[in-house]
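Examining the three-dimensional arrangement
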Amino acid sequence: MNFVPHTQSEKREMLASIGISSTDELFRDISPEVKLAEELKLFPGLDEMSLRKEITMISQENAHVDEYVSFLGAGAYEHFRPALIDHLLLRSEFYTAYTPYQPEISQGTLQAIFEFQTAVCELTGMDVANASMYDGATALAEAIIMAAGQTRKNKFLISSTIHPEYREVAKTYAWARGMELLEIPYQQGLTDTKELEKMLTTDIGAVVIQNPNFFGGIESLKNIVELAQKNKTMVILCADPMLLGLLEAPGKIGVDIVVGEGQPLGIPISFGGPYLGFIATKEKFIRRMPGRIVGIAQDRKGNEGFILTLQAREQHIRREKASSNICSNQALCALAATIYLSTLGKSGIKEVAEQCIYKAHYAKSVLNDIPGVEIAYPNTKSFKEFVVKTEESIESINKRLLDAGIIGGLDLGEFYPELKNHMLLCVTEARSKIEIDLLKRVWEGEE
Amino acid sequence: MKEKMIFELSAPGRKAYSLPALDVPTVAIDELLPLDLKRETEPELPEVSEVDVVRHFTRLSQMNYGVDTGFYPLGSCTMKYNPKINEDMSRLPGFALSHPYQAEGLSQGAMKLMYDLDQYLSEIAGMQRVTLQPAAGAHGELTGILIIKAYHEHRGDFKRNKVIVPDSAHGTNPATANMCGYEIIEIKSNERGFVDLEELKKVAGEDTAALMLTNPNTLGLFEEDIVKIADIVHEAGGLLYYDGANMNAIMGYARPGDMGFDVIHFNLHKTFSTPHGGGGPGSGPVGVKDYLVPYLPKPTVEYSSEQEQYYFDNERPHSIGKVKAFYGNFGVAVKAFTYILALGGKGLKEASEFAVLNANYLKAVLKEHYYLPLDQVCKHEFIITPTKEMKAKGIHTMDIAKRLIDYGFHPPTIYFPLIVEEAMMIEPTETESKETLDDFCQALIKISEEAINTPELLHDAPISTHVSRFDEASAARKPVLRWKSTYFGD
Ligand SMILES: Cc1ncc(COP(=O)(O)O)c(C=O)c1O
């Protein structure tokens, strides 16, 4: 299959207009020593029917959450996605457009992003948000770079309760720029605030916290912000947007930069991407913010509309002095999140979060009844995830579950060597009581 | 046509969602959440019905111009047709609904796809291995330059603190080098638009970490001395980074690896037909030569012939680490994979052949009507500017671009590259027919006449859209970046 529309005679006419006889002449500027002598070692192209068959077959070698009951989360969450999301995302005027450089013919994308920025500001309680980042992890890393620029400090405290992969990404970005990241230990599944207090010296640029954290626990955020503020240190928070309908807006309690992973907001888990990073901050830091920002502008006739604004921060204008190198972002995922949030509205976002809490809480109590299983941090309040400690190895539990069509939780030993025999489970509104009860019975070996 | 904000459609108590009734026992939510973090004011999310949501976003889509709407010759962006089958394949449940942490044994399909795509892209670029982790072109640049940094540091070579970037480079190149802690040395292009070898020789030395080069360059020209360029940098001990955003021009004709380049990034959302989504998601895989494989981001996908299974290799002590959570924009990779299987090796070469034919055809027609600063064979794109006569009438590139909108076309990339004044960078891609190109030429020719005879038509353009040109400067001075009920009085 090919998507080249030219007929042979058209090709000939075009060659004649150029004044040549073969397209080979158009490649004469490639010096012979680098010109490829043979064909690429690929294979013949496929017709659409064979293509569909071939790729569908590959996809069938992959398990998915419609055929298994899954209790895996750890940064990729199965929430219910209403049908209208994909129908609207497939409007090809949206998905076949480039970045909206020409505002007169891009008002659709621009307004949708403006609505996204508004929704992110509402959830986070911050003044400004950008048009999206690649994912939660890179948004976090870029927030640290922002804080480095703002404070002119080079050392940052990052909680060990932050998603391990996010910390790894932050470490890579920090190494790139010669910044230092120090990990704050954890206690009872939460950031150890006593240790934090000791580590907060005047040379620290920012404290980086995730809430709910990787273990699902809700951090004592107010306490952490107070400690940081006492030390005149910035606070960067990585938040699950889904819980922000119930938890106080971070902007209201003194957080300086809020970032997060927007995947829970209507984006499929899709083997880890594409997802949606978001970043929001106070007005005074706006010129350090990376990425695209949409703003209101007046046209010549006095109409209001939307444009990309504050571009003087960006790579195409500032080049090496830009706040970041980001160019393309995750605009279509931001559109998905905007559609999802519009669908849920004020009450829906609370209702989904509450269902997650109730169901996860129920699962906690049910699993706690299994002999040899205990809730790892029983006094820690949690959202949709929690940790259990087991006598049996996680591998063997998960194998039993899988045989019954259940994908169990994450083996935390893979990321935290001290947490061998600890499992991180996720229960969202997409799980039912029947499924949770089944999890327990299979776990106990009753089914 | 003006569409209200979704927030303005809100009415208390209206909803567009439904959830199953809660089937587990409940307690007061305050017992499960810390009281001191209880939210006091609700977020102002809209309360609307399902049909409100659908109509709102459908109307917004109608205020947009995409490749499916019409010709989109945005230079450097390769706005080719995005085959519909791509969308279907990325939504197959085995891909869209699979979890990144499900056991390897449950993920063999996704891992095979990643493994094979690595091989295909490696073959296309003449590289050893490719990582799919970077989320976009600029993110690929960051990954690639960090690989180069790790390579030098691993060899104990810490004196290389400079990256050489030609003045024709995309803004992401210098911005990337800066993010990696390098000093940027900009070198001027010669009058024919190529890297000036003498300039390069002057700056390449023992402090050179890398040269970042776009080829064909942003003027649409294949660097004629590409091998000499590679030799100069290698002799100085630096490595060569290839910005592969323009791979659509040379697939099957030449390979960056064979030219001597050490690292390349691809833009799957350009060359490999994955849609740009109004700004993303893209995907920026990075390919490297064998000696750089140890530095690739973690994990790589490997195949064990003993176990007949794909697995993730996280035991990579020299790896630069991770640049993104999980494995990259996997859903985008599925679309590119689908495209490569559809075209095959011969089809990819044909894509490049016709992309270059289309560009040279447009150039041949348009050079009679516009100024062509570099009159030589081009690759996938070329640059024209307004003529002296047009400039005398006060016509700028912006005016021509905006007038094209009135004729139903998306304008080319304008004012880039920076080294050509008033540049219009035209990239037709291979998926456009001769009829479309002829219509586009007709429009541009008419505009060239209007520029002389009725220049006000251009100055006022666009007149066919619902909004006219915006005042960007005042918007940046008093930025309004979010909706508030008080700002929008109506
Ligand atoms: C030559 C060149 N390099 C790099 C990039 C950056 O790619 P991306 O927007 O995917 O980050 C682009 C695209 O804008 C480009 O045209």
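Residues numbered from 1 in each chain as written. Chains lettered and ligands numbered in written order. Predicted model: local features only at pLDDT ≥ 70, side-chain atom pairs only at ≥ 80, totals over all residues. Heavy atoms only, no water.

Quick notes on the sheet that holds strand E12 (residues 424-426) of chain B
All names here are of chain B. Note the following rule: At least two bridges found by DSSP between two strands are what make those strands a pair. Secondary structure counts use DSSP, requiring at least four H or I residues in a row for a helix and at least two E residues in a row for a strand, with both numbered from the N terminus.
In space, the 3 strands of this open sheet follow the order E10-E12-E11, with antiparallel pairing throughout. Since the sheet does not close on itself, it has two edges, and those belong to strand E10 (382-384) and strand E11 (413-414), each with one partner. Pairing of E10 with E12, which is carried by 3 bridges, proceeds in the antiparallel orientation. Bridge assignment links Ile383 to a residue of E12, and that residue is Met425.

A word on the packing of aromatic side chains
Within a pair of aromatic rings, the relevant descriptors are the distance that separates the centres and the angle that separates the planes. As a reminder, the rule being used: Classification of ring pairs uses Phe, Tyr and Trp, with its six-membered ring standing for Trp, and accepts pairs whose centres are within 6.5 Å; under 30 degrees between planes counts as stacked, over 60 as edge-to-face, and the remaining range as tilted. Residue exposure (1.4 Å probe, protein chains only): buried if accessible area is under 20% of the type maximum, exposed if over 50%, otherwise partly exposed. A ring is scored as having a charge over it whenever the NZ atom of a lysine or the CZ atom of an arginine sits within 6 Å of its centre and within 35 degrees of its normal.
Summed over all chains, the structure comprises 32 aromatic pairs over all chains. Considering the side-chain rings of Tyr303 of chain B and Tyr310 of chain B, the 4.7 Å spacing of their centres and the 55° angle between planes classify their relative orientation as tilted. What makes Tyr303 of chain B partly exposed here is its relative accessible area of 36%. Chaining the aromatic ring pairs together yields one cluster made of Tyr186, Phe214, Phe215, Tyr275, Tyr377, Phe415 and Tyr416 of chain A together with Tyr101 and Phe326 of chain B. Cation over ring: Lys149 of chain B sits above Trp175 of chain A, and NZ or CZ is 5.9 Å from the ring centre. Its guanidinium or amino end placed over the ring of Tyr182 of chain B, Lys149 of chain B lies 5.1 Å from that ring's centre, counting from NZ or CZ.

What about unusual backbone geometry?
With omega at 5°, the peptide bond leading from Gly273 of chain A into Pro274 of chain A counts as cis. Checked against the element boundaries, Pro274 of chain A lands in the loop between strand E9 (257-261) and strand E10 (277-281). The omega angle of the peptide bond from Gly280 of chain B to Pro281 of chain B is 5°, so this bond is cis rather than trans. Within the secondary structure layout, Pro281 of chain B lies in the loop between strand E6 (263-266) and strand E7 (286-288). For Thr78 of chain B, which is not glycine, the phi dihedral falls at a positive 45°. Accessibility expressed as a relative area gives 2% for Thr78 of chain B, which makes it buried. For Thr429 of chain B, which is not glycine, the phi dihedral falls at a positive 70°.

What about the site of the ligand?
Definition in use: For this purpose, a residue is taken to be near a molecule or strand whenever a single non-hydrogen atom of the residue falls within 4 Å of it. Throughout this description, a polar contact denotes any pair of N or O atoms lying within 3.5 Å of each other; where both atoms belong to protein, one of them has to be capable of donating a hydrogen while the other can accept it, and for residues adjacent in sequence the pair is counted only when both atoms sit in side chains. Shrake-Rupley sampling with a 1.4 Å probe provides the accessible areas, and residues are treated as covered by the protein chains on show and by no other component. When residues are sorted by character, Ala, Val, Leu, Ile, Met, Phe, Trp, Tyr, Cys and Pro go into the nonpolar class, Asp, Glu, Lys and Arg into the charged class, and all the rest, Gly among them, into the polar class.
The local shell around the ligand holds 16 residues, among which Ser328 of chain A together with Ser76, Asp243, His269 and Lys270 of chain B are the closest. Per-site note: the chains with residues close to the ligand are chains A and B. Ser76 of chain B places a side-chain nitrogen or oxygen 2.5 Å from an oxygen atom of the ligand. Within the backbone of Ala138 of chain B, an N or O atom sits 2.7 Å from an oxygen atom of the ligand. Burial of the ligand by the protein amounts to 99% of the accessible area it has alone, namely 390 Å². If you tally residues by element for the shell around the ligand, the top one is helix H6 (residues 137-154) of chain B, at 3 residues. Here the shell around the ligand is built from residues that sort into 5 nonpolar, 8 polar and 3 charged.

Details of the pairing of strand E14 (residues 385-390) of chain A
Successive side chains on a regular strand alternate, one facing one side of the sheet and the next facing the other. All names here are of chain A. For E14, the tally of buried residues reaches 5 of 6 residues, placing the bulk of the element in the interior. As defined by bridge partners, strand E13 (residues 373-375) adjoins E14 across 3 bridges and the pair is classed as antiparallel. Each bridged residue has a counterpart across the sheet, and for Val373 the counterpart in E14 is Thr390. Alignment of E14 against strand E17 (residues 422-426), held across 5 bridges, turns out to be antiparallel. If you follow Glu385 over to E17, its bridge partner there is Cys426.

A closer look at the domain arrangement of chain A
Residues and elements named next belong to chain A. This is how it is decided: Domain limits in this description derive from either an automatic procedure or a database domain assignment. A contact between two residues is defined here by any heavy atoms of the two lying within 4.5 Å. The term buried area denotes the loss of accessible surface (1.4 Å probe radius) that occurs when two parts are joined, taken as the sum for both partners. A pairing counts as a salt bridge when a side-chain nitrogen of Lys or Arg comes within 4 Å of a carboxyl oxygen of Asp or Glu.
For chain A, the domain assignment lists domain 1 (69-81 + 345-444) and domain 2 (83-339). Taking the mean C-alpha position of each, domain 1 and domain 2 sit 27 Å from one another. Listed per partner, the contact involves 31 residues of domain 1 and 35 residues of domain 2. Buried area between domain 1 and domain 2, summed over both chains or domains, comes out near 2,500 Å², and the portion from carbon and sulfur atoms is 65%. Together, Arg81, Phe383 and Tyr416 form the three largest contributors to the area buried by domain 1 at its contact with domain 2, with a combined 29%. Counting the contacts that link domain 1 with domain 2 gives 2 salt bridges. With its nearest N and O atoms 2.8 Å apart, the salt bridge here joins Lys384 to Asp240.

Quick word on the pattern of salt bridges
Residues and elements named next belong to chain B. If you walk through the whole model with that rule in mind, you get 55 salt bridges over all chains. With a shortest N-O distance of 3.7 Å, Lys202 and Glu199 are connected by a salt bridge. Taken together, the positions of Lys202 and Glu199, both in helix H8 (residues 197-203) and 3 residues apart, correspond to about one turn of that helix. Using a relative accessible area of 66% as the deciding quantity, one classes Lys202 as exposed. Judged by its relative accessible area of 26%, Glu199 is partly exposed. The closest approach of N and O atoms between Asp399 and Arg469, which form a salt bridge, is 3.0 Å. Taken together, the residues span a long stretch of sequence, with Asp399 in helix H13 (residues 397-406) and Arg469 in the loop between helix H15 (455-460) and helix H16 (472-477) at a distance of 70 residues.

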